[in-house]
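# Tertiary structure, described
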Amino acid sequence: MNPATGDTAVLEISELDIALAGDKGPTQLVDRVGFSIPRGQAFGLVGESGCGKSITALAVMGLLRAPLMRSSGQIMLDGRNIAGASEAEMRKLRGRHVSMIFQEPMTALNPLQPIGRQIAEMFVLHEGATWKEADARAIEALRHVRVPAPERRARDYPHQLSGGMRQRVMIAIALACRPKLLVADEPTTALDVTVQAEIVELMATVCAAQGTAILMISHDLGLVARMCTEIAVMYAGRIVEQGTAGDLLRAPRHPYTQGLIGAVPRLGARAAGGRRKLAEIEGVVPAPASFPGGCRFHPRCSRATGVCHTDVPLAKPRPGGGVVCCHHDG
Amino acid sequence: MKMRANLWIGGGFFALAVTAALLAPVLATHDPVLGADLMRSEEPPGREFWFGSDTQGRDIWSRVVYGARISLTVGVVSQLINSVIGTVLGITAGYWGGWWDDLVSGLTNIMLAIPSLIFALAIMAILGPGLFSLLIALGLTNWTFTCRIARAQAMALKSQGYVQAAKVMGSGDLSIMLRELLPNMAGPLIVIATLGMGGSILAEAALSFLGLGIQPPFPSWGSMLSDARDNIRAVPWLAAFPGLAIFFTVLGLNLLGDGLRDILDPQSRSRLP
Amino acid sequence: MMVEVATEPLLTVDNLAVHFAQGGGLFGGGARVLRAVDGVSLTVRSGECVGLVGESGCGKSTLASAIVGLQAPTSGRIVIDGIPLRSGTTDRMRLARTVQMVFQDPYASLNPRRRVGELLAAPLRLHAMGDGKEIGRRVADMLRRVGLRPEHANRYPHEFSGGQRQRIGIARALILEPKLIICDEPVSALDVSIRAQIINLLVELTDSLGVATLMISHDLSVVEHMCDRVAVMYLGRIVESGPWQRIFERPSHPYTRALMAAIPDPFKPIVGRRAVASGDVPNPLTPPLGCAFHPRCPEAMAQCRQAPGPELAAIEPGHTTACWVAQRALIAS
């Protein structure tokens, strides 16, 4: 590791704007999003459909394609700005410096190739290994993600595996070349609940062991909080609150974060205190074309006042670290 | 928003043909059947005969305009018969499945294995020439594509939640097919029908050309071509104008079908969540 | 409540099985049987909310389809409101007025070509429940009850968000005033901030209307919040059932415990957590011998790996479990 860059963040995004080009002009999907992930740490980006979290992840991978476009902002990956990088440059970075796992592993795997070969390809492609040694290393990689009988499994095709196994293979491919950053977009949403926990645990453990940082994208605050050190909550294209996982959950400051935590029943709550009506967040999740002005959460917020309709709230420091964007904080 | 050119151009050609058919008595300058004048046969296009005159001295313009009535009637009516047969068979086969589906699929495959013109010829041979037989022959030949589309759509749609919900509501099969399935597959069926109309017009031309369709002296575009075949070198306008009429009408229908596909295709209507 | 316990249950499912023939070669060889539901018994009493919990492929949705008459059972008996359900001869209209369903996907469950008003009026018209004016009044009233406005009746489904569509789905299920509604994962397709709205609405409506609910979900926290009794399904069978307090305070089947542990508790870090279930859900075409959960069970013993598998047995009043370990522990104590 280069000592000069040793203490910089592995990913640093600042003032990122992403828009969708359309007949009636561009629609802003991501608005001045910024955060940084220190080396080896897990960072969670939480929000609902249409909040811009997945598009942010695509931007980090350099996978934005027309009509999606980055209109401004910087993305520093491992000390270099990849915001304007060409496809050829990005291809060199992907897999080696940053890799990604998706929600549905079946669509990301090649159905016509044994999974061992698909892992081995990473070593051949990025590290110039011969096929023979790559195949051997692929079996090691499978063992690493706790696939039982990896020698036999390496010859299987994706359709022969269960959903959980496929996601393990995806993790093995993504982590094959020990990237600095792993982007995980809803990696367990398509899996069964009992398998989910295991996959998340596996991802966290393996990444921690080899020093890979994680950008975890999810709608599930509880899941993200379990594996991430720091969390940013996005709403309608903006980060509304950011802080360390424990503090954000124990003492959420933004009304939306508070709402998200209150809106799901917690196991054991009824046994402890009887059935209470769940705290609702009124209204609907806005579509990007109709993001409201001012604070974008104001139509659904019980604390909204005149200023929330007109002014975009600025980021204020939270008492427990991190930032919150609310006019009524404190 | 964009790429609607084919819709407008195609619709325009077809609208022209329909207008000609509807306003034939107004547009025609001569009687298309009785206006024979052997003294003025085979005159080239000019002031008196805009499209020239035929071997019997009849005005080709008037005959083309009246011919639109027959060609379009054949196109629309026979395709309507095809659409009804295909939709009914396809939707029931797809929705009910089982032995009925096997039967319909088998019949469809047999139909697809027989060249449709030969099949139509055979029916015409049994029924004898004439407009009515033409409608029946063409109406029984080209329902297979409609049937396949309707069957595939019904199979895809019947597992949709709203169809299940209708069943749970106690709706009968007929009501489910009419209210839940049909409206949601109308788009592709309309496209197929539009394209099929063009096919029927061509088939009418072919059958009439072979002398099995519309009988002289009544004008259809196909029978006019048939009349022209002996003199096609010496008197090219005999074949050129009915030929162009067929060409532009069928081209118009095909463009219209493509245009409709673009707007009726659910993919192109999808919006951002 | 005590009076109702003594009466005949509203829904009785007795030893129900739904099997599907899978594959099969050209000459009928190699056909395998998928036992989607394999000997399930279940009751729902009137006004009660019963939770049916399990992961994808456990057969819970197939069971729901069988109860509403969408899927013919292979064997077993379903009795709803005193009437046995028989494929073919069942009075679909009467069944429709007794049991209704709320579907998982609010996008696919509403016909995109029909206005909301028509969607809600059609069942009333079909069942001749009132004249035109009466139907209009009922539709407006139901829209208000589910938190929409009567003028929404003139709109098409695509003009609504997911949460609003699910409200429409609930309105459709309740408009015939059924005695039982089956909710198949009603909130899992919705955004997190919308789920609370729908859960609250379901609790409030079923309470005020006195409708019984069979709540199908993979999410134990939702089931704990809503249900009076809970049944846990694994690979086509019920492995544990009982009153909600018993299930959540003293889960006796290892699978139930695994499901509970799988709920992300935001306050516990995941690294170094002890695994409560390992591996994946097995292929239902080739279920493991003996107890179907044994390959994933941390407590499995030799007996669990052999046929016959454990049957449901009471370990305390009203609380049954199909686990050798739990049953043995009871005998030992």
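All values derive from a computational prediction rather than experimental measurement.

### Some thoughts on the overall build of chain A
- Scanning chain A for helices and strands turns up 13 helices and twelve strands.
- Taken over C-alpha atoms, the radius of gyration comes to 21 Å for chain A, in line with the 20 Å a tight globule of 330 residues would show.
- The principal-axis extent of the C-alpha atoms belonging to chain A is close to 65 × 50 × 45 Å.
- Looking at the 330 residues of chain A, the share that counts as buried comes to 48%.

### Brief notes about the overall build of chain C
- For chain C, the helix and strand inventory stands at eleven helices and twelve strands.
- Its C-alpha atoms put chain C at 70 × 55 × 45 Å along the principal axes.
- Expressed as a percentage of its 333 residues, the buried residues of chain C come to 52%.
- For chain C, the proportion of contacts with a sequence separation of at least 24, taken over those separated by at least 6, is 64%.

### Some words on helix H8 (residues 161-168) of chain B
- Of all eight residues that make up H8 of chain B, seven are buried, and the element is covered over most of its length.
- Burial in H8 of chain B covers these residues: Tyr-162, Val-163, Gln-164, Ala-165, Ala-166, Lys-167 and Val-168 of chain B.
- On the buried face of H8 of chain B, the contacting elements are helix H7 (144-157) and helix H9 (173-209) of chain B together with helix H3 (92-98), strand E6 (99-102) and helix H6 (162-174) of chain C.
- Phi turns positive one or two residues past the end of H8 of chain B, at Gly-170 of chain B, with a value near 95 degrees.

### So, the sheet that holds strand E3 (residues 42-46) of chain A
Residue and element names in this part refer to chain A.
- Pairing is mixed in the open sheet, where eight strands are placed in the order E6-E7-E8-E3-E9-E10-E12-E11. Every interior strand has two partners, whereas the edge strands, strand E6 (98-101) and strand E11 (316-317), have only one.
- Lying over the sheet, helix H1 (residues 53-60) contacts E3, E6, strand E7 (181-185), strand E8 (213-218) and strand E9 (230-235), oriented at roughly 150 degrees with respect to E8.

### A word on the nonpolar core
- In terms of nonpolar packing, the biggest core is built from 272 residues, with Leu-215 of chain A together with Ile-182 of chain C touching the most fellow members.
- The contact partners of Ile-182 of chain C, leaving out residues within four places of it in the chain, are Ala-64, Ile-67, Val-68, Val-99, Met-101, Leu-214 and Ile-216 of chain C.

### Structural notes on the interface of chain C and chain A
- Listed by partner, the interface residues are 43 residues for chain C and 44 residues for chain A.
- Of all elements in the fold, only H6, helix H7 (192-209), helix H8 (220-226), helix H9 (244-249) and helix H10 (254-262) of chain C reach the threshold of two or more residues within the side of chain C that touches chain A.
- A total of eight residues in the side of chain C that touches chain A trace back to one element, the largest contributor, which is H7 of chain C.
- Residues that form the side of chain C that touches chain A fall into these classes: 22 nonpolar, twelve polar and nine charged.

### Here we look at H7 of chain B
- With 14 residues, H7 of chain B ought to run about 20 Å at 1.5 Å a step, and its terminal C-alpha atoms sit 20 Å apart, in line with that.
- For H7 of chain B, the complete set of buried residues consists of Thr-144, Thr-146, Cys-147, Arg-148, Ala-150, Arg-151, Gln-153, Ala-154 and Leu-157 of chain B.

### Concerning the packing of helix H4 (residues 116-126) of chain C against helix H5 (residues 132-145) of chain C
Residues and elements named next belong to chain C.
- Put simply, H4 and H5 touch, their axes get as near as 10 Å, and they point 125 degrees apart. Taken together, H4 and H5 sit at an angle that is classed as oblique. Seen from above, H4 lies across H5 with right-handed handedness. On H5, the residues touching Gly-117, Leu-120, Ala-121, Leu-124 and Arg-125 of H4 are Ile-135, Arg-138, Val-139 and Met-142.
- A breakdown of the residues in the contact of H4 with H5 according to their chemical character gives six nonpolar, one polar and two charged.

### Points about the packing of helix H4 (residues 115-127) of chain A against helix H7 (residues 163-175) of chain A
Residue and element names in this part refer to chain A.
- Put simply, H4 and H7 touch, their axes get as near as 8 Å, and they point 20 degrees apart. The pairing of H4 with H7 is recorded here as roughly parallel in orientation. Taken as a pair, H4 and H7 cross one another with a handedness that is right-handed. Along the contact surface, H4 presents Ile-115, Gln-118, Ile-119 and Met-122, while H7 presents Val-169, Ala-172 and Ile-173.
- Grouping the constituent residues of the contact of H4 with H7 by class yields six nonpolar, one polar and no charged.

### Topic: unusual backbone geometry
- Each neighbour pair has its own omega, and for Ala-66 of chain A with Pro-67 of chain A the value is 5 degrees, a cis peptide bond.
- Position of Pro-67 of chain A among the secondary structure elements: in the loop between H1 and strand E4 (68-77).
- Omega for the peptide link from Ala-307 of chain C to Pro-308 of chain C comes to -5 degrees, which places this bond in the cis form.
- Non-glycine residue Glu-15 of chain A carries a positive phi angle of around 50 degrees.
- Relative to the elements of secondary structure, Glu-15 of chain A occurs in strand E1 (residues 11-20).

### Quick word on the sheet that holds strand E8 (residues 212-217) of chain C
Residue and element names in this part refer to chain C.
- Taking strand neighbours across the sheet as the criterion, the eight strands line up as E6-E7-E8-E3-E9-E10-E12-E11 in an open arrangement whose pairing is mixed. Two strands close off the open sheet at either side, each with one partner strand: E6 and strand E11 (313-316). On average, each strand axis in the sheet is inclined to that of its neighbour by 25 degrees, with strand direction left out of account.
- Looking at chain direction, strand E7 (residues 180-184) and E8 are connected through five bridges and run parallel. Note that in E8 the partner of Leu-180 across the bridge is Ala-212.

### As for the environment of Met-90 of chain A
Residues and elements named next belong to chain A.
- Examined against the element boundaries, Met-90 turns out to sit in helix H2 (residues 87-93).
- Along the sequence, Met-90 and Met-61 sit 29 residues apart, while their C-alpha atoms lie 7.7 Å from each other.
- Met-90 has contacts with Gly-62, Ile-82 and Ala-85, leaving out every residue within four places of it along the chain.

### Brief notes about the confidence of the model for chain A
- Per-residue pLDDT for chain A has a mean of 89; in total, 98% of the residues score no lower than 70.
- When the criterion is pLDDT under 50, residues 1-5 of chain A qualifies, and its contacts beyond four places in sequence or with other chains add up to two contacts.

### A closer look at the pairing of E8 of chain C
Residues and elements named next belong to chain C.
- With six of six residues buried, E8 lies mostly within the body of the structure.
- In E8, alternate side chains face the same way, and those of Ala-212, Leu-214 and Ile-216 on one face and Thr-213, Met-215 and Ser-217 on the other are all buried.
- The pairing of strand E3 (residues 49-53) with E8 spans five bridges and is classified as parallel. By the bridge assignment for E8, Val-53 is matched with Ser-217.
- Between the parallel elements E7 and E8, the chain passes through H7 in a crossover that is right-handed.

### Comments concerning the pairing of E6 of chain C
Residue and element names in this part refer to chain C.
- Going residue by residue along E6, you find Val-99 and Met-101 tucked away on one face and Gln-100 and Val-102 tucked away on the opposite face as well.
- By the bridge criterion, four bridges tie E6 to E7 in an arrangement that is parallel. Paired with Gln-100 across the two strands is Ile-181, which belongs to E7.

Thresholds applied
Residues numbered from 1 in each chain as written. Chains lettered and ligands numbered in written order. Predicted model: local features only at pLDDT ≥ 70, side-chain atom pairs only at ≥ 80, totals over all residues. Helix = DSSP H or I, 4+ residues; strand = E, 2+ residues; numbered from the N terminus. Rg over C-alpha atoms; globule rule 2.2 N^0.38 Å. Buried ≥ 20, exposed ≤ 12 C-beta atoms within 10 Å, placed from the backbone. Contact = placed C-beta atoms within 7 Å. Pairing = 2+ DSSP bridges. Axes fitted to C-alpha atoms, helices over the stretch in contact; angles between N-to-C directions. Core = buried A, V, L, I, M, F, W, Y, C linked by C-beta atoms within 7 Å. Nonpolar A, V, L, I, M, F, W, Y, C, P; charged D, E, K, R; others polar. Expected span 1.5 Å × (residues − 1). Parallel < 35°, antiparallel > 145°, perpendicular 65-115°, else oblique. Left-handed = near helix turned anticlockwise from the far one by under 90°. pLDDT = per-residue confidence, 0-100. Right-handed = clockwise from strand over helix to strand, strands pointing away.

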